[in-house]
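# Fold and contact review
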Amino acid sequence: MNAAQGLVRPPDRPGFTDGLGTRSIITESSTGETLELLTLRPELVRVASFEFALRERAARLANFRHEDFSRVRRIDRAPGGGLGIVSDYIAGARLSEVLQAAADRKLPLDVGAAFCLVRQLVPAVAFLHDNARDVAHGALALERLIVTPLGRLMIVEHVLGSALEQLRFSREHLWRECRVAMPSSAGVPRFDHHADVTQIGTIVLQLVLGRPLRADEYPARLASLVDQAAMTMAGGERRPLTLGLHSWLVRALHIDLRRAFASARDACQALEQMLAAEPGYVAAPVALETFLARIATTASGGEAAPVVDVPQAPAATMPPVVTQPSAPTPRVDSPYAAAAPPPVAASPAPEMPSIELSSIDVRAFEPDLRQMLQLDRQMTPPGGTPRVPPAASMPLTPSQPPAPSSPAMRAETTRYEPPAPYRSEPIVDVLAAGHEPRRASEPERPAPMPEPRRKKKGSNRNRLIAAGVAVVAILATAGIYAGRYFFAGEATEAVQLGMLVVESNPSGVQVFVDGEARGLTPAKLSLKPGPHLVELRGRGTPRVRTVTVNAGAQVSHYVELAEASTPVTGQLDVRSDPPGAKVTVDGQNAGVSPIVISNLQPGEHTVVLQNPHGSVRHTVTIEPGLTAALVAPMAQGPASGWVSITAPFAMQVFENGRLVGSTETDRIMVAAGPHEFEIVNHTLNFRVTRRLEVAAGKVAPIGIELPNGVVNINAVPWAEVFVDGRPVGETPIGNLSLPIGPHEVVLRHPQLGERRHALSVVAGQPIRLSVDMNKP
């Protein structure tokens, strides 16, 4: 039975539509699973090689697994006869919808939320490039990224690259129709690792801008957008990009071709180096959840949550009291919920002279206080108390900054920690309503009552006294923090690294951290704080997971690997389109497709698929312990065959005015029977017609005989002429007959040297070349 016949489409669940097609949520009747079906646009599948390339890429990546990639189940005939891609359903919203909603509602995307997404995207694509050296996603865009309710970024539809390449669209057409960004190239765009890096750079640029790019901004205004881009900081301030981030974007977007990244792994390593050098770009899951909650609030008709600025140093003599916006109670299972900081008991203000402080701006000392506060955070172990108890128990004074209790300040210091698997949470649409940020509840304190000013005589003297008090307080606080740093120097060094313990059952499995071999399990590794990609390579598919290590803390990672003896046979997964073909392996009847054939001996096997309209034969190689995949297009009515055209340069192939392929494709699938093809190269003014009979299951070759064009060559005073390395005489040379196409012409003079020129000979039009040998 065709798998598509077991799918039921609920009428009340609309899908997402873009230049590739329409998505719909479907339920597989046999298992009850909820899946997503992408029904491709009919314009895309009209090129015969598109479907073949799509099925080949899907079969090749059938065993590819990564927690940040949605699994592609199969390629099926969609309801209505179209071609569809069936994938796992991911609950969430497309990143394009999220950014568009933010732009419409003028909600800023701050640096912490943006880099929470960037730190998930770049390593995931780098893993794909590492495991499939010649495979690229090819269609990375905001429309192919889903943000789950827990802030997880999922990459979908990663099997389309090689199929889109068969369309041979221009760079502008791909962006305008499919929102696919491609690097600049001399010929037809190539869907390779360079393309993925360019697409990553485009996504990061849109996150920096906080909105999707418009159709007229790419690629014409790309360089100016990068130069003029500004980032929204945690407190809401807009700042220009730092030199490191600007340089990274220029390399990722291939604006500077000499320094462009060759793969996502190169871009990932450069990103980590940039983040280490410029710590202002910190991934903040709390900031991302707050951003999603604000979008959900505005979408449901409420008001957006206010952006909490970084607390300012108080300008009064009374102890500072921080007023926090009401925050929802955090969910226990939220990976971002942290313990609320203990409330700081307000102590009575010390005895101070009654002076006028209205003219003194204590906020001028805020940078020094922030540095002291940052030093205190480094001295404090995770979840612990400061190493110098007396200083920690001091009451807050006008010279001591308040605790970082606002979401904005926590967003600046929170390290990125990937959320738990999203399937453990209820399905929530972040653009509908109801999603709230998961952060630790913080006690709400009453706003401070302003102290009435006392106007006395001798205001200049009072101002001097106030300034002296502020300076003394700052120096006292600096002395306390300097003492902490001096007496806790060795302890600070000790907590710079975290500990990762990796265990497996059975043990003895290879452990790789960030692509580097780190021994066998059980392993105890010292790592720098932050996210790391841990991979265990044992039997079968490698196990990959992102683990976050905190400074001075220990994280354990355990993997259960099933015990199995060394396999001696393999399997073969045979699928046909349409299904229902009779399958024989080495002359033995194996059943009807789709079918998985087990217990095959390693080596080559001959597989024949047959239906009422014809048969196809394939040779497959079986390896022990692995499952080989065979996807065979079958004739649906008239039998199919192939056409192979050999030409020295690219030409387009038309039949009845419809483009069916190009000469750069090894072979073009067509229906069996008589055909009349028109082979065209508009640039060279070449057009030829070929009639032939295509046999079912066979390849019909077509040879192209190129006509000659006329070339006239002259030089002053004279020169010896070589065409494609072959001497043709001395100038002047008239009516030289050459095959159409590109040629290299070299002119040599014993005293005046050598001149090289490239020319293209066009059919039916003479080409003239005149060279002055006296000019350099």
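Only a predicted model underlies this, so the values are computations on that prediction, with no experimental measurement involved.

The secondary structure content of the protein amounts to 16 helices and 38 strands. Looking at the protein as a whole, 47% of its 776 residues qualify as buried. Partitioning the contacts of the protein with sequence separation of at least 6, the portion at a separation of at least 24 is 63%. Here the protein has roughly 37,800 Å² of accessible surface; of this, 53% comes from carbon and sulfur atoms.

On to the pattern of salt bridges, then. What the rule picks out here adds up to 34 salt bridges. Among the salt bridges present, the one from Asp18 reaches Arg144, with a minimum N-O distance of 2.6 Å. Within this pair, whereas Asp18 is found in the loop between strand S1 (7-8) and strand S2 (21-28), its partner Arg144 is found in the loop between helix H4 (111-131) and strand S7 (145-147), the two being separated by 126 residues in sequence. Looking at Asp18, the relative accessible area reads 15%, which means it is buried.

In this description, a pair of aromatic rings is defined by centroid distance and the angle of the planes. For the structure shown, the criterion picks out five aromatic pairs. Relative to Phe69, the ring of Phe64 has its centre 5.3 Å away and its plane inclined at 80°; by these criteria the two rings are edge-to-face. Arranged with centres 4.7 Å apart and planes meeting at 45°, the rings of Trp175 and Tyr218 form a pair that is tilted. Of this pair, Trp175 sits in helix H6 (residues 171-178) while Tyr218 sits in the loop between helix H7 (193-209) and helix H8 (222-228); the two residues are 43 residues apart in sequence, bridging distant segments of the chain. The pair formed by Trp175 and Tyr218 is uniform in burial state, with each residue classed as buried. Here a set of aromatic residues connected by ring pairs shows up, and it is made of Phe64, Phe69 and Phe127.

If you walk across this open sheet you meet the three strands as S28-S25-S31, and the pairing is mixed. Pairing within the sheet leaves two strands with one partner each, and these edge strands are strand S28 (668-671) and strand S31 (699-703). Recorded for the sheet is a direction-independent mean angle of 35° between the axes of neighbouring strands. Relative to S31, strand S25 (residues 640-646) runs parallel, the two sharing five bridges.

With that out of the way, let us pick up H6. Think of an α-helix as 3.6 residues a turn; residues three or four steps apart then line up on the same face. Listed in full, the buried residues belonging to H6 are Arg171, Leu174, Trp175 and Cys178. Considered in projection along H6, the buried side chains sweep an arc of 110° and stay on one side of the axis.

Attention now goes to the confidence of the model for the protein. With 71% of its residues at a pLDDT of 70 or more, the protein has an overall mean of 74. Mean pLDDT per element in the protein: S1 is the minimum at 35, and strand S8 (residues 153-155) is the maximum at 95. Note on residues 1-13: pLDDT under 50 across the span, and 27 contacts to partners over four residues away in sequence or across chains. Note that pLDDT drops below 50 for residues 375-457; the model gives that stretch 209 contacts with residues more than four away or on any other chain.

Time to look at the packing of H4 against H7. The axes of two packed helices give the description: the angle between them and the distance between them. Packing of H4 against H7 leaves a shortest axis separation of 10 Å and a crossing angle of 175°. Of the possible angle classes, the one that applies to H4 and H7 is roughly antiparallel. Counting all contacts with H4, which are made through Ala114, Leu117, Val118, Leu121, Val122, Val125 and His129, the residues of H7 involved are His193, Asp196, Ile200, Ile203, Val204 and Leu207. When its residues are assigned to classes, the contact of H4 with H7 shows 10 nonpolar, two polar and one charged.

Moving on: helix H2 (residues 48-60). For H2, built from 13 residues, the straight-helix expectation of 18 Å at 1.5 Å per residue is met to within 8% by its first-to-last C-alpha distance of 19 Å. The set of residues buried in H2 consists of Ser49, Phe50, Glu51, Ala53, Leu54, Arg55, Arg57 and Ala58.

All right, on to the pairing of strand S15 (residues 530-537) then. Here S15 lies mainly inside the structure; seven of its eight residues are buried. Pairing between strand S12 (residues 510-513) and S15: four bridges, direction antiparallel. Bridge assignment links Phe512 to a residue of S15, and that residue is Glu535. In this sheet, strand S16 (residues 543-549) lies alongside S15 in antiparallel orientation, the contact comprising seven bridges.

Running from amino to carboxyl end, helix H9 (residues 243-252) crosses helix H10 (residues 264-277) at an angle of 170°, the nearest separation of the two axes being 10 Å. By the angle between their directions, the pair H9 and H10 is classed as roughly antiparallel. On the side of H9, the interface is formed by Gly244, Leu245, Trp248 and Arg251, while H10 contributes Ala267, Ala270, Leu271 and Met274. A breakdown of the residues in the contact of H9 with H10 according to their chemical character gives six nonpolar, one polar and one charged.

This next bit is on the nonpolar core. Ranked by internal contacts, the top residues of the largest apolar core, which has 101 residues, are Leu54, Phe115 and Trp248. In terms of residue count, H4 provides more of this core than any other element does, 14 residues in total. Ignoring sequence-local partners within four residues, the contact set of Trp248 consists of Ile200, Val204, Phe261, Ala267, Ala270 and Leu271. Counting 37 residues, the second-largest nonpolar core is a separate cluster that includes Ile645, Val711, Ala719 and Ile740.

Right, let's get into the sheet that holds strand S17 (residues 554-560). Pairing between sheet strands relies on hydrogen bonds along the backbone, with the strands arranged either parallel or antiparallel. Pairing is mixed across the open sheet formed by three strands, whose spatial order is S14-S11-S17. Each having just a single partner strand, strand S14 (523-527) and S17 make up the two edges of the open sheet. Sheet twist, expressed as the mean angle between neighbouring strand axes with direction ignored, is 20°.

With respect to the helices and strands, the residue Asp110 is situated in the loop between helix H3 (95-105) and H4. Within the buried core, Asp110 has no salt-bridge partner, and the shortest N-O distance to an opposite charge, that of Arg294, equals 7.0 Å. A distance of 2.9 Å separates a polar atom in the side chain of Asp110 from the backbone nitrogen of Gly112. A polar side-chain atom of Asp110 sits 2.9 Å from the main-chain amide nitrogen of Ala113. Excluding its chain neighbours within four sequence positions, the residues that come into contact with Asp110 are Thr232, Met233, Ala234 and Ala287.

What follows covers unusual backbone geometry. Here the bond from Asn505 into Pro506 is cis, since omega is 5°, no more than 30 degrees from zero. Omega for the peptide link from Thr731 to Pro732 comes to 0°, which places this bond in the cis form. Relative to the elements of secondary structure, Pro732 occurs in the loop between strand S34 (726-730) and strand S35 (733-739). The backbone phi angle of Asp586 is positive, close to 55°, even though this residue is not glycine. Within the secondary structure, Asp586 sits in the loop between strand S19 (582-585) and strand S20 (588-592).

This part takes up the environment of Gly753. The residue Gly753 is located in strand S37 (residues 753-761) in this model. For the pair Gly753 and Ala719, spaced 34 residues apart in sequence, the C-alpha separation works out to 9.3 Å. Each residue touching Gly753, except ones within four places of it in the same chain, is listed here: Leu747, Arg748 and Met773.

The next point concerns the environment of Val502. The topology assignment puts Val502 in strand S11 (residues 498-505). Look at Val502 and you get buried, because its relative accessible area is 0%. If near-sequence neighbours (up to four positions away) are discounted, Val502 is found in contact with Val511, Thr521, Pro522, Ala523, Leu536 and His557.

Quick look at the environment of Phe654 now. Following the sequence through the fold, Phe654 ends up in strand S26 (residues 652-655). Separated by 24 residues in the primary sequence, Phe654 and Glu678 place their C-alpha atoms 5.1 Å from one another. In this structure, Phe654 is in contact with Leu659, Val660, Glu676, Phe677, Glu678 and Val680, ignoring residues within four places of it in sequence.

Analysis parameters
Residues numbered from 1 in each chain as written. Predicted model: local features only at pLDDT ≥ 70, side-chain atom pairs only at ≥ 80, totals over all residues. Heavy atoms only, no water. Helix = DSSP H or I, 4+ residues; strand = E, 2+ residues; numbered from the N terminus. Buried < 20%, exposed > 50% of the residue type's maximum accessible area, 1.4 Å probe, protein only. Contact = heavy atoms within 4.5 Å. Areas by Shrake-Rupley, 256 points an atom, 1.4 Å probe, with all protein chains shown as cover. Salt bridge = Lys/Arg side-chain N within 4 Å of Asp/Glu carboxyl O. Phe/Tyr/Trp six-rings, centres within 6.5 Å; stacked < 30°, edge-to-face > 60°. Pairing = 2+ DSSP bridges. Axes fitted to C-alpha atoms, helices over the stretch in contact; angles between N-to-C directions. Arc of directions from axis to C-beta. pLDDT = per-residue confidence, 0-100. Parallel < 35°, antiparallel > 145°, perpendicular 65-115°, else oblique. Nonpolar A, V, L, I, M, F, W, Y, C, P; charged D, E, K, R; others polar. Expected span 1.5 Å × (residues − 1). Core = buried A, V, L, I, M, F, W, Y, C linked by side-chain atoms within 4.5 Å. Lys, Arg positive; Asp, Glu negative; His and termini not counted. Polar contact = N/O pair within 3.5 Å; in protein donor to acceptor, adjacent residues only side chain to side chain.

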